[in-house]
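Working through the structure, step by step
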Amino acid sequence: MAGISRDEVLHVARLARLELTDDEVGKFQEQLSAILEAVSKVSELDLAGVPPTAHPLEIANAWAEDEPHECLPLDEVFANAPDRDGDYFRVPPA
Amino acid sequence: MTIDTLRLTAERAHELLSAKELSGAELFAAYRAAIDERDPELHCYLQLCDDPGGAGIPIAIKDVIGTKGVRTTAGSKILESYVPVYDATVAARCKEHGLRLLGKTNTDEFAMGSSTENSAYGPTHNPWDPARVPGGSGGGSAAAVAAGLAPWALGSDTGGSIKQPSALCGNVGLRPTYGTVSRYGVVAFASSLDQVGPVAKTVRDCAFLYSVISGRDENDSTTVEVPAVERPTADDLKGVRIGVPRELNEAEGIEPGVRDAVHAAIEQAAALGAEIGECSLPRSVEYGLPCYYLVAPAEASSNLARYDGARYGLRTDGADFREMVMNTRHDGLGDEPKRRIMLGTYALSSGYYEAYYGTAQKVRTVIKREHDEAFERFDVLVSPTSPTVAFELGAKADNPLAMYLSDLLTIPSCMAGLPGLSIPCGLSEGLPVGLQLVGPQFAENTLFRVGHALELALGFDFVPERYRS
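Residues numbered from 1 in each chain as written. Chains lettered and ligands numbered in written order. Predicted model: local features only at pLDDT ≥ 70, side-chain atom pairs only at ≥ 80, totals over all residues.

Per the secondary structure count, chain A includes three helices and two strands. Moving toward the C terminus, one meets the helices and strands of chain A in the order α-α-α-β-β. The dimensions of chain A, computed from C-alpha atoms along their principal axes, are 50 × 45 × 20 Å. Burial analysis of chain A (94 residues in total) assigns 18% to the buried set. (Helix = DSSP H or I, 4+ residues; strand = E, 2+ residues; numbered from the N terminus. Buried ≥ 20, exposed ≤ 12 C-beta atoms within 10 Å, placed from the backbone.)

Along its length, chain B carries 15 helices and eleven strands. Compactness check: chain B gives a C-alpha radius of gyration of 21 Å against a globular reference of 23 Å for 469 residues, within 12% of the reference. The principal-axis extents of the C-alpha atoms in chain B amount to approximately 70 × 55 × 45 Å. Looking at the 469 residues of chain B, the share that counts as buried comes to 62%. For chain B, the proportion of contacts with a sequence separation of at least 24, taken over those separated by at least 6, is 76%. (Rg over C-alpha atoms; globule rule 2.2 N^0.38 Å. Contact = placed C-beta atoms within 7 Å.)

What follows deals with the environment of Arg204(B). Residue and element names in this part refer to chain B. Position of Arg 204 relative to the elements: it lies in helix 6 (residues 203–213). Judged by C-beta crowding, with 20 C-beta atoms within 10 Å, Arg 204 ranks as buried. Spatially, the C-alpha atoms of Arg 204 and Ser 156 are 19 Å apart, while their sequence positions differ by 48 residues. Contacts of Arg 204, omitting those with residues within four sequence positions, involve Glu 11, Arg 231, Pro 232 and His 452.

The subject of this paragraph is the sheet that holds strand 8 (residues 275–279) of chain B. Sheet strands pair via backbone hydrogen bonds, and the direction of the pair is either parallel or antiparallel. All names here are of chain B. The sheet built from eleven strands is open, its strands ordered 1-3-2-4-6-5-10-11-9-7-8 with mixed pairing. Since the sheet does not close on itself, it has two edges, and those belong to strand 1 (45–48) and strand 8, each with one partner. Taking each pair of neighbouring strands and ignoring which way they run, the sheet shows an average axis angle of 30°. In this structure, strand 7 (residues 241–245) lies alongside strand 9 (residues 380–384), joined through two bridges in parallel fashion. Paired with Ile 242 across the strands is Val 380, a residue of strand 9. Sitting on the sheet, helix 4 (residues 139–146) touches strand 1, strand 2 (58–62), strand 3 (100–105), strand 4 (152–157), strand 5 (172–175) and strand 6 (195–200), and the angle it makes with strand 4 is about 155°. (Pairing = 2+ DSSP bridges. Axes fitted to C-alpha atoms, helices over the stretch in contact; angles between N-to-C directions.)

Residues and elements named next belong to chain B. Counting buried residues in strand 2 gives five out of five residues, a clear majority hidden from the surface. Of the two faces of strand 2, the one lined by Pro 58, Ala 60 and Lys 62 and the one lined by Ile 59 and Ile 61 are each fully buried. Sheet topology note: the strand 2/strand 3 ladder contains five bridges and is parallel. Bridge assignment links Ile 61 to a residue of strand 3, and that residue is Lys 104. With helix 3 (residues 89–96) bridging strand 2 and the parallel strand 3, this β-α-β connection has right-handed handedness. (Right-handed = clockwise from strand over helix to strand, strands pointing away.)

The subject of this paragraph is unusual backbone geometry. Residues and elements named next belong to chain B. Following Gly 136, the chain continues into Ser 137 via a peptide bond in cis, with omega recorded as 10°. If you trace the backbone, Ser 137 turns up in the loop between strand 3 and helix 4. Non-glycine residue Thr 116 carries a positive phi angle of around 65°. In this model, Phe 442 sits at a positive phi of 70°, which is unusual for a non-glycine residue. Its 18 C-beta neighbours within 10 Å are what place Phe 442 among the partly exposed residues.

Quick look at the nonpolar core now. Buried together is how nonpolar side chains tend to be arranged in soluble globular proteins. Residues and elements named next belong to chain B. If you look at the biggest cluster of nonpolar residues, it comprises 159 residues, and the most contacted ones within it are Ile 59, Ala 144, Ala 150, Ala 153, Cys 291, Leu 294 and Val 380. Looking at this core, the element that brings in the most residues is helix 9 (residues 282–303), giving eleven residues. Once residues lying within four places of it in the same chain are set aside, the contact partners of Ala 153 are Ile 59, Ala 60, Ile 61, Lys 62, Thr 105, Ser 141, Ala 144, Val 145 and Val 199. (Core = buried A, V, L, I, M, F, W, Y, C linked by C-beta atoms within 7 Å.)

Turning to the confidence of the model for chain B, a few remarks are in order. On average, residues of chain B score 97 in pLDDT, and 100% of them reach the 70 mark or higher. Confidence estimates for the predicted assembly give a pTM of 0.97 and an ipTM of 0.95. (pLDDT = per-residue confidence, 0-100.)

Moving on, we get to the packing of helix 6 of chain B against helix 15 (residues 444–458) of chain B. Residue and element names in this part refer to chain B. Helix 15 packs onto helix 6 with a crossing angle of 155° between their chain directions and a minimal axis gap of 9 Å. When the interaxial angle is binned, helix 6 and helix 15 end up roughly antiparallel. Here Val 203, Arg 204, Ala 207 and Tyr 210 of helix 6 come into contact with helix 15, specifically with Glu 444, Phe 448, Gly 451, His 452 and Glu 455. Here the contact of helix 6 with helix 15 is composed, by residue class, of four nonpolar, two polar and three charged. (Parallel < 35°, antiparallel > 145°, perpendicular 65-115°, else oblique. Nonpolar A, V, L, I, M, F, W, Y, C, P; charged D, E, K, R; others polar.)

Bringing the interface of chain B and chain A into the picture now. If you look at the interface, chain B gives 55 residues, while chain A gives 43 residues. Within the residue set of the side of chain B that touches chain A, elements represented by two or more residues are helix 9, helix 10 (321–332), helix 11 (335–348), helix 12 (354–377) and helix 13 (400–404) of chain B. Among the elements that line the side of chain B that touches chain A, the one with the most residues is helix 12 of chain B, at eleven residues. Of the residues assigned to the side of chain B that touches chain A, the class counts are 28 nonpolar, 16 polar and eleven charged.

It is worth spelling out helix 4 of chain B at this point. Residues and elements named next belong to chain B. Extensive coverage of helix 4 is indicated by the burial of eight of its eight residues. Those residues of helix 4 that sit buried are Gly 139, Gly 140, Ser 141, Ala 142, Ala 143, Ala 144, Val 145 and Ala 146. The positive-phi residue at the C-terminal boundary of helix 4 is Gly 148, with phi of around 70°.

Attention now moves to the pairing of strand 11 (residues 431–438) of chain B. All names here are of chain B. Here strand 11 lies mainly inside the structure; eight of its eight residues are buried. Note: strand 9 against strand 11, four bridges, orientation antiparallel. The partner of Val 382 across the bridge, within strand 11, is Leu 437. In terms of strand pairing, strand 10 (residues 420–428) meets strand 11 through eight bridges, oriented antiparallel. Bridge assignment links Leu 427 to a residue of strand 11, and that residue is Pro 432. Between strand 10 and the antiparallel strand that follows it, strand 11, lie two residues; Glu 429 among them carries a positive phi value of about 55°.

Below you can see the structure in the form of structure tokens.
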């Protein structure tokens, strides 16, 4: 299970929407392989019948009334935006 | 009156303000003067506030916590120009109590790190020895409190980011029970682990600040009602059962000086009347770190997907949307977030999900059960907070795995959602050693009681030696 190939690094980077330089690909391949080898230790345990824990508290859904609230002021929100077109965020064509 | 910010506790500041022996403006000015004097060397703050409003005790807030109108970068270049439009609930609660924001403190980028060296804005230095790290990720908050640049501060803790820097800087730091403090408005790292908590000079100050920030918040559906916070007064530990988990106290890599200081503190606890017994958390320590480094990066890879250059933060142009996103993330994110995003994406990807993430979630159950069992016999578990005292800047910078080991002893209880308090218990090589006290969920008051009694008995001087006059 441990070890990750150069192609896998590139595949994961694409999934994660990360552009990587050639140097970065090599560096991450080496570092991620070492980290994956260390974390693969979890597979040593016999976990038959053990349920997963996704969340440390035993709480179920928290409900709230579906009531409209005041929105944040749009001009303040758009002040953080790289580009704006009226009440929309402008991005390059998909 | 002369204000010695190195020694002044928040509690004492509160008394002076209430008695009108001191004004809020004088107090604020005293901290600003201390910041002007010592922060150029330490670099605790990323941003200072000139006129924050309020008339009460000043406070520093870690830069992963959103503050309305005050730049919040999470230590990342990708949020270099981000100014929140609303306050995080914890920041709002501080304001409601009149606390005055001194500024935003340095952090490893997105709280990912154990030394504050991963900040895009340069490292923070340890006030006890500026050649050494303050720990991380909340090194800015911890160093600011230790150096008298804030009476107290807020931090955030995913796997040790409050407790470990508190240990390395000689402070008291609380990672509260999961669900007791709202994360609304806090930059998310790993949502099933992230908690906000206080950093202070004393256990009573820590309890004071915890009472300000804790409690149910309708904007964070994981929060619950919290038992009334008791500021501790007892100076004995009669009737308290303290467990010493073998694996947490004998783990490879614990420095002899750290072990000795922790042993002495345990003997002190016995002298104060506590019953001491040995126990075991065999799988929590051995598998805690691997479990954490699957769960936390997996959640981070999802949480950090929002940094896409579309709505806020940095944007680097590209020919189309996808290229813009990829270029933005390349330019805006540092190595550690990239590493964790990649690791998490891999662990969640098709074909690997069950083997990595699914397995880690089951290991998390094992860790939780082991702790539950220990708490059938004990009220509190003790160990060192960090295996080592503060290490030198750069010592682990090129070896992510070695850096991850800094959190070996703090991670297991985080995985189980348990509260942990770190108090200083002595010096090793002239540097502070932290004692970690872990309790069952919602047992903050017990931790405060034990921490306070030990603090009184140990008499640790929290002012770094180089600042003492």
